Amino acid sequence: MPTQIYRSALLRFADDGSPLYDSDGLLAVAPDAHGQQRVLAAGSWQALQAQFVGLPGAQVVHLPGKLLAPGFVDMHIHYPQTDVIGAPADGLLPWLEHYTFPHEARFHDRAYADGVAEFFIDELLRNGVTTALTFATSHPASVDAILTAAQQRGMRMIAGKVLQDRHSPDGVRDDTEQGLIDTDTLIQRWHGVDRLGYAITPRFAPTSSEAQLRGAGALAAQYPDVWVHSHASENLDEIRWVRELYPQARSYLDVYHGFGLMRERAVYAHCIWLDAADRALLRETGTAAAISPTSNLFLSSGYFDYLQADAAGFRYGLASDVGGGMSFSPFRTMQAAYVVGREQHSKQGLSLKPGQLWWQHTAGAARALGLEGVIGNLQRGCEADFVVINPACTPLLARKTQQAASLDELLFAMIVLGDDRLIEQTIVSQAK
Ligand code: GUN
Ligand code: ZN
């Protein structure tokens, strides 16, 4: 593949997370020695065009009126819950029991899992999401289904078989030992193959025995670059239950810590009901939180505390948490994060800034996953996963984005009014 040059408005992020914008930008993309498409250069057309236009074989794609931006990174999602979105229930635990577990039981069937995986990936790409950290179900075939589908599209994707050996109904409950053996087998089959990664995935503390969490911790130590993925401190009923089951632990997160499950590349969804010691533990261990505001609103779980998170200095990023979450669209997630941030912090005068929200769903999420400089940005050397945004995709968006007098106004119009219609094209950096 020759060098590909795009001319368009361009959004990317500086190392400190601040947004960088070129109204007339240039993005040059070329394959590396392994055939992986990477960003060769990004910046203003004026500054870069002499260097790139006219290179032998270079093709220029001109996209007037469009915006190129990094592909979105969804830090926590459940592909098997694609069909569970919008299932009504009285909070987390009834929702799991009445809708989620019965539905996930269907994924023992590989053909069924393949069908959902294909639809899920189409839906991610239609919404501009180029990488996700996803739960599968407790059935090993459900991991094969999603990672095969991602591999065929050349996508970077991280997935794991759910470990849940207790307090789970027949059909989704696994066996303590077999679940760990299956996890080890799947790590060896998938982790580091093409753009794929594996996550050791205990569902949450209530549905794993101590023996299972101990085994998960041993695997986490054996495979330090494999991810760990679970839920923590989402809902008050759930927290009460964890306290009963693990009375010796200081807190919910301390349960995971006690089994060696807090470390770099460990990601816990929600992290709403934390105290200062929990936040310090997240920072000290390099563990990340995946914030899922549409899910937290749907299940009335609570509000993530941005101010305390920033004061403690741990890593976090945005996530849809479909099917507890209400939308695949990163715009809907950023919009909900903004509202939650206001609800939680308006008394202290805090509003999350549009560039911050966008960063939390791209370069910030990549950093929280330990993939800084690899995905989530369009700086030199990054894998070339990006979206072509049409800021004029609806009459109101056309009007609002044309009136925008600053980058903040432009980004905020899209966050408040946007959805899948903004994404005109999603380009995934294909190896090969
Ligand atoms: N806690 C344990 N399992 C789940 C799940 O599937 N979704 C959410 N939101 N929380 C959980
Ligand atoms: Zn979840």
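Model, not experiment: these values are computed from the prediction.

What counts, and at which threshold
Residues numbered from 1 in each chain as written. Chains lettered and ligands numbered in written order. Predicted model: local features only at pLDDT ≥ 70, side-chain atom pairs only at ≥ 80, totals over all residues. Core = buried A, V, L, I, M, F, W, Y, C linked by C-beta atoms within 7 Å. Buried ≥ 20, exposed ≤ 12 C-beta atoms within 10 Å, placed from the backbone. Helix = DSSP H or I, 4+ residues; strand = E, 2+ residues; numbered from the N terminus. Contact = placed C-beta atoms within 7 Å. Pairing = 2+ DSSP bridges. Axes fitted to C-alpha atoms, helices over the stretch in contact; angles between N-to-C directions. Domains from an automatic or database assignment. Nonpolar A, V, L, I, M, F, W, Y, C, P; charged D, E, K, R; others polar. Near = placed C-beta within 6 Å. Expected span 1.5 Å × (residues − 1). Arc of directions from axis to C-beta.

A. Highlighting the nonpolar core. Core analysis: the biggest nonpolar cluster contains 125 residues, and Leu27, Met75, Ile146 and Val267 have the highest contact counts within it. No other element matches helix 3 (residues 110-126), which puts seven residues into this core. Apart from the residues lying within four places of it in its own chain, the contact partners of Val267 are Met75, His76, Leu133, Trp227, Val228, His229, Ala288, Ala290 and Leu369. In terms of nonpolar packing, the next biggest core, distinct from the first, is built from eight residues, Trp95, Phe101, Phe298 and Leu299 among them.

B. View of the sheet that holds strand 3 (residues 37-44). Spatially, 3-2-1-4-14-15 is the arrangement adopted by the six strands of the open sheet, whose pairing is mixed. Looking at which strands have only one partner, the edges of the open sheet turn out to be strand 3 and strand 15 (423-427). Taken pair by pair, the neighbouring strands of this sheet meet at an average axis angle of 40°, ignoring direction. Note that strand 1 (residues 4-13) and strand 4 (residues 59-70) share six bridges and pair parallel. Bridge pairing in strand 4 places Tyr6 opposite Val61.

C. Structural context of the pairing of strand 6 (residues 129-135). Buried residues dominate strand 6, accounting for seven of its seven residues. The sheet contact formed by strand 5 (residues 72-78) and strand 6 spans five bridges and is parallel. For Val73, the partnering residue across the bridge sits in strand 6 and is Thr131. The pairing of strand 6 with strand 7 (residues 156-160) spans five bridges and is parallel.

D. View of the domain arrangement of the protein chain. Looking at the protein chain, the domain boundaries give domain 1 (4-70 + 377-427) and domain 2 (72-368). Using C-alpha coordinates to define each centre, domain 1 is positioned 29 Å away from domain 2. In this assembly, 21 residues from domain 1 lie in contact with 23 residues from domain 2. At the level of elements, helix 16 (407-417) and strand 15 are the ones that each hand at least two residues to the side of domain 1 that touches domain 2. For the side of domain 1 that touches domain 2, the element with the most residues is helix 16, which contributes six residues. Across the side of domain 1 that touches domain 2, the residue classes break down as eleven nonpolar, five polar and five charged.

E. Just the site of ligand 1, in detail. Neighbouring ligand 1 are the residues His78, Leu92, Leu96, Thr100, Arg203, Phe204, His231, Glu234, Ser295, Asp321 and Gly324. Looking at the shell around ligand 1, the element that brings in the most residues is helix 2 (residues 92-104), giving three residues. Here the shell around ligand 1 is built from residues that sort into three nonpolar, five polar and three charged.

F. Inspection of unusual backbone geometry at higher detail. With omega at 5°, the peptide bond leading from Val322 into Gly323 counts as cis. Residue placement: Gly323 occurs in the loop between strand 13 (315-318) and helix 12 (330-345). Even without being glycine, His167 reaches a positive phi, approximately 50°. Here the phi dihedral of His270 falls at roughly 90°; this positive angle occurs in a residue that is not glycine. Looking at the element boundaries, His270 is found in strand 11 (residues 266-270).

G. Highlighting helix 5 (residues 176-190). The terminal C-alpha atoms of helix 5, which comprises 15 residues, lie 21 Å apart, in line with the 21 Å expected from a rise of 1.5 Å per residue. Along helix 5, the positions that sit buried rather than exposed are Gly179, Leu180, Thr183, Leu186, Ile187 and Trp190. For helix 5, the buried positions fall inside an angular range of 125° around the axis, keeping them on one side. Of the exposed residues in helix 5, those oriented more than 90 degrees away from the buried face are Glu177, Gln178 and Gln188. Where helix 5 is buried, its residues contact helix 4 (140-153), strand 8 (162-163), strand 9 (196-202) and helix 6 (210-222). Phi for Gly192, located one or two positions after helix 5, is positive at around 80°.

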